[in-house]
Amino acid sequence: MNRPYIFCHMATSLDGKIMGKYMGEPKSKLASDWFYNIAFGEQAHYKNQGWLSGRTTTDDNFTHYKKPDLNADAPIVPEGDFILPKKTDKYYISIDTSGKLGWQSNTLKYKDTTATVLEVLTNKVSNAYKDFLRRKEISYIIAGEDSLDIALLLDKLKNVFHLDSIMLGGGAVLNWSFIQEGFCDELSLVLSPVADGSPDTPALFEARKNISEDTPVSFTLKNIETKDNSSVWLTYSVDNRKDA
Ligand SMILES: NC(=O)c1ccc[n+]([C@@H]2O[C@H](COP(=O)([O-])OP(=O)(O)OC[C@H]3O[C@@H](n4cnc5c(N)ncnc54)[C@H](OP(=O)(O)O)[C@@H]3O)[C@@H](O)[C@H]2O)c1
């Protein structure tokens, strides 16, 4: 396969939500630890060389909607990708096609895991934003003219970064855009035995205008495991998966 293996690994409530009040319940916390260990633990089930995240997920969890410190008079940066040596074992692959995220550091910490930030931009991103990333010593790659070209991104991750197996880590919009285009091999779902019925929180997948369609996709069950506290881990292969 001339692209990395992609597993979408997500934790949801019993009503299919990926964030919200249910997360504060003790049984959710146990499921969340299981979720972490499957993909990030010392005995992780998956080979996880990096994880892909949508811009909203990054702002909600790491950059907290800070504005980037832009210099409108910055000298014109060289065209193309800007790639520095990796500082940690894993990459955090940040989909930020317009160049919005106000990074403060070129690494981040998620529980016990530290990761090197790799920004994924398109050619519509301003010179000032690319200059900002360079000043922060944050690597970036260009994948697409004005919208994300997933096939090109995966080609670079495989052939430039030599990544064989990466996690599609949400949120809902990012996940669905990869699945719609056939660029997800496996779905790994840890279900907490908790629900909150909220009408306002996103579910596992979400189509977004100009990013993805709502064409149905089917899945084939691979395995089911349970934990004492009633959490369930489901794995599926994705029926429409294709090579890059
Ligand atoms: N429970 C879990 O396992 C889990 C895991 C991850 C995240 N989450 C939660 O999920 C929530 C966010 O989910 P979300 O669905 O609202 O947002 P998201 O998928 O994190 O981010 C959506 C944004 O990412 C960019 N994007 C995503 N796919 C793109 C594509 N194919 N092409 C171009 N741009 C793309 C766009 O950014 P622009 O708007 O800048 O164009 C889009 O608006 C967060 O609160 C997070 O905490 C939960």
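Heads up: the structure comes first, above all this text.
Keep in mind it's a predicted model, so treat the numbers as computed, not measured. (Residues numbered from 1 in each chain as written. Predicted model: local features only at pLDDT ≥ 70, side-chain atom pairs only at ≥ 80, totals over all residues. Heavy atoms only, no water.)

Caption draft 1: Looking closely at helix α3 (residues 127-135). Taken as a whole, α3 has its buried residues at A128, Y129, K130, D131, F132 and L133. Buried residues along α3 sit against β5 (113-121) and β6 (139-142). Where α3 ends, the next residue or the one after it, E137, has phi of about 55°, a positive value. (Buried < 20%, exposed > 50% of the residue type's maximum accessible area, 1.4 Å probe, protein only. Helix = DSSP H or I, 4+ residues; strand = E, 2+ residues; numbered from the N terminus. Contact = heavy atoms within 4.5 Å.)

Caption draft 2: Up close: the pairing of strand β7 (residues 165-168). Residue alternation in β7 divides its side chains into two sets, S165 and M167 and I166 and L168, and both sets are buried. In this structure, strand β1 (residues 5-12) lies alongside β7, joined through four bridges in parallel fashion. The residue of β7 that forms the bridge with C8 is L168. (Pairing = 2+ DSSP bridges.)

Caption draft 3: Fine view of the site of the ligand. Taken together, 24 residues form the shell around the ligand, and within it A11, M19, R55, T57 and D60 come nearest. Here a nitrogen atom of the ligand sits 2.8 Å away from a polar atom, N or O, in the main chain of A11. Here an oxygen atom of the ligand sits 3.2 Å away from a polar atom, N or O, in the side chain of N61. Within the complex, the protein chains bury 88% of what would otherwise be the 930 Å² of accessible surface of the ligand. Looking at the shell around the ligand, the elements with two or more residues in it are β1, α2 (55-63) and α5 (172-180). When its residues are assigned to classes, the shell around the ligand shows eleven nonpolar, nine polar and four charged. Both domains that furnish three or more residues to the shell around the ligand are identified here as domain 1 (1-49 + 164-244) and domain 2 (51-149). (Near = heavy atom within 4 Å. Polar contact = N/O pair within 3.5 Å; in protein donor to acceptor, adjacent residues only side chain to side chain. Areas by Shrake-Rupley, 256 points an atom, 1.4 Å probe, with all protein chains shown as cover. Nonpolar A, V, L, I, M, F, W, Y, C, P; charged D, E, K, R; others polar. Domains from an automatic or database assignment.)

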